[in-house]
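Close look at the chain arrangement
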Amino acid sequence: MDSRQTMIVLDFGGQYNQLIARRVREHNVYCELLPYTTPTDKLLAKKPIGIIFTGGPSNTFDENAPKVERALIESGVPVLGICYGCQLIADMTGGVVGQGPREYGRQTLTVESSALFEGVKKQSLCWMSHSNYVEKLPAGFRATASTPTCPVAAMECAERGLYGVQFHPEVMHTEEGEKILRNFLYNVCGAKGDWTMGNFASMTIDALRKKIGNKKVLCALSGGVDSAVAATLVHKACPNLVCVYVDHGLMRKNETEEIVRVFRDEQGMNLIAVDAGERFLSKLAGVTEPEKKRKIIGAEFIKVFEEEAKKIGAVDYLVQGTIYPDVIESGLGASAKIKSHHNVGGLPDVVDFKEIVEPLRDLFKDEVRACGFEIGLPASIVLRQPFPGPGLGIRIIGEVTAEKVKVLQEADYIYREEIAKAGLDKEIWQYFAVLTNVQTVGVMGDERTYDRVCGLRAVTSVDGMTADWARIPYDVLETISSRIVNEVKGINRVAYDITSKPPATIEWE
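Quick summary incoming for the structure in this document. The structure displayed is predicted, hence computed values, not measured ones. (Residues numbered from 1 in each chain as written. Predicted model: local features only at pLDDT ≥ 70, side-chain atom pairs only at ≥ 80, totals over all residues. Heavy atoms only, no water.)

1. Notes on the packing of aromatic side chains
Scanning the entire structure with this criterion turns up nine aromatic pairs. In textbook terms, an aromatic cluster arises when at least three aromatic residues are bridged by ring pairs, as seen for Phe12, Tyr36, Phe53 and Tyr84. Note that Arg182 overlies the ring of Tyr186, its terminal NZ or CZ placed 4.2 Å from the centroid. One Lys or Arg, Lys253, reaches over the ring of Tyr413 and ends 4.5 Å from the middle of that ring. (Phe/Tyr/Trp six-rings, centres within 6.5 Å; stacked < 30°, edge-to-face > 60°. Lys NZ or Arg CZ within 6 Å of the ring centre and 35° of its normal.)

This is the structure in structure tokens:
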């Protein structure tokens, strides 16, 4: 993979930094998000075609303001500074950064002729989020854009390859932001667009084949997209992969059967499917506290997996579905820190292995999904909704029993089926049913009932950090409610959750 072009996104602590990296990737250019403290020689050793300085909360004139070595600015590698990054370039090249009133929101951007603004409308809306600004341009720089309140909304010294924008081209609120970033990548940095999931998949499979050969590999397969794509890449490269799927009895209706069909029958993997439902339910008997349920399910999962791993014996490699946000959150690539699988934390401690293999550690979530399609996985796996490790165990409020699991599986299945029929499954980020421990009076067939309330949850989101409740049409909700009450014994009332995150969380427990 060393032949691919690389962009560096240098992190100064701004809120949009992962978004900048994702935007670069969307333009088929590989990039790495690294802390601003990374030594210049290490950055230049990566032979980047360009560097982006992100925004950040600091002031360039503060004593301990985050800065880079002057050698990086003078290296000849093109640099684009965004917000604080723009001010930093100005400060380090002889300009003056002034302190002004905080500006947050949309502004009308007027651009001049520049390689950065090729094909960009003369006037458009941009997104500002700053309290400082470039008061005086450095020698050799010119202003290339302005707003009514910011005379230097963009600046450049094309001869030195230094560019700065005070606004945020990476956010959707900036109308021409996508073009501006693309212009920097292709017009200024000479990007070739060699980062595609087709290229990634073929190169990764080849690298895995060379690395692993005929050695034994073990993977904990949850059925989620990360572990599914990681396992499939390794399977295509190596003949001795063993996947262990633990069914804790808390999966959605037909999910276990689908996982076995896709990976064992269609993909031809050596898949061990462990039916441990009764075991998990016995451990959960009488338990009502959500966090305790989570801990019991997690600990029991480890025990079951450990038992299966001992049957297999020592393995050379353990596959994990670590993705790039995991790497960033655990220290921006600090390789000494091993991050356990997000659903089965603790596996490295109970498996006898020599090395962890993380084929997806360079990818964002949307890239993982694109890679999944490239390697032939079905949409039902690639587009699978986020699903908590404890499964339905935390979507049943109160004690978890076999009867409650069955009731919730049926209600959830109807909900998901009707959402798909209505064509809303691609629009809604996550949607699921919850079985409450509230019972209410109802009337069905002239008889009085006293059954449970089913809660429905649906949210729109980008990354799950924040979420808005989904505006499902009333007629679709009516159909879902009618079917659940009529077809699922034990439910006589359906309620729809219209709370966003925050203040609520997406899950109920």
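2. Regarding unusual backbone geometry
The omega angle of the peptide bond from Lys501 to Pro502 is -15°, so this bond is cis rather than trans. For Pro502, the position within the fold is in the segment after β18 (491-496). The omega angle of the peptide bond from Pro502 to Pro503 is 15°, so this bond is cis rather than trans. As for its placement among the helices and strands, Pro503 is situated in the segment after β18. Even without glycine at this site, Cys83 takes up a positive phi of about 55°. Checked against the element boundaries, Cys83 lands in the loop between β4 (79-82) and α4 (84-92). (Helix = DSSP H or I, 4+ residues; strand = E, 2+ residues; numbered from the N terminus.)

3. Some details on the environment of Glu417
Examined against the element boundaries, Glu417 turns out to sit in helix α15 (residues 402-421). For Glu417, a relative accessible area of 26% corresponds to the partly exposed category. (Buried < 20%, exposed > 50% of the residue type's maximum accessible area, 1.4 Å probe, protein only.)

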